[in-house]
Amino acid sequence: MPNLGHCKCCGDKVSSEAASCPHCGQPEPYDDKWKYVAELLQQGDKVNAVKYVRESTGLGIREAINFVEKNFTRTS
Ligand SMILES: [Zn+2]
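Residues numbered from 1 in each chain as written. Predicted model: local features only at pLDDT ≥ 70, side-chain atom pairs only at ≥ 80, totals over all residues. Heavy atoms only, no water.

Caption draft 1: Broad picture of the overall build of the protein chain. From N to C terminus, the protein chain includes three helices and three strands. Against the globule reference of 11 Å for 76 residues, the protein chain gives a C-alpha radius of gyration of 12 Å, in line with a compact fold. Overall, the C-alpha framework of the protein chain stretches about 30 × 25 × 20 Å when taken along its three principal axes. A sequence separation of at least 24 residues applies to 24% of the contacts in the protein chain between residues at least 6 apart. (Helix = DSSP H or I, 4+ residues; strand = E, 2+ residues; numbered from the N terminus. Rg over C-alpha atoms; globule rule 2.2 N^0.38 Å. Contact = heavy atoms within 4.5 Å.)

Printed below as a string of structure tokens:
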């Protein structure tokens, strides 16, 4: 069963077996580093999740927060 991860380009959800990202077209988009972000958020550690996204992508604080909220926060 394929793992669900996040695209290393756009950060959207993508299968580990996907040949390209269905959202942005990035080839071999699966990236484990976003799994770490998801794990931090599951632990309620949003501060470090945002920090990790910033370090990984070079985004500003506001962009990183938006990125985390858009791609990793489950809306119930
Ligand atoms: Zn993508």
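Caption draft 2: Geometry of the nonpolar core. Residues Trp34, Val37, Leu40, Ala49, Val50, Val53, Ala64, Phe67, Val68 and Phe72 constitute the largest nonpolar core, which totals ten residues. Once residues lying within four places of it in the same chain are set aside, the contact partners of Trp34 are His6, Cys7, Lys8, Val53, Ser56, Thr57, Phe67 and Phe72. (Core = buried A, V, L, I, M, F, W, Y, C linked by side-chain atoms within 4.5 Å. Buried < 20%, exposed > 50% of the residue type's maximum accessible area, 1.4 Å probe, protein only.)

Caption draft 3: Structural view of the packing of aromatic side chains. Across all of its chains, the model carries four aromatic pairs by this definition. Taking the centre distance of 5.3 Å and the plane angle of 50° together, the rings of Trp34 and Phe67 count as tilted. Note that Trp34 is positioned in helix H1 (residues 33–42) and Phe67 in helix H3 (residues 61–71), a separation of 33 residues in sequence. On the accessibility criterion, Phe67 (13% relative accessible area) is buried. Between Phe67 and Phe72, the ring centres sit 6.0 Å apart and the planes meet at 50°, which makes this aromatic pair tilted. The two residues Phe67 and Phe72 agree in class, both being buried. Aromatic rings pair up to connect Trp34, Phe67 and Phe72 into one cluster. (Phe/Tyr/Trp six-rings, centres within 6.5 Å; stacked < 30°, edge-to-face > 60°.)

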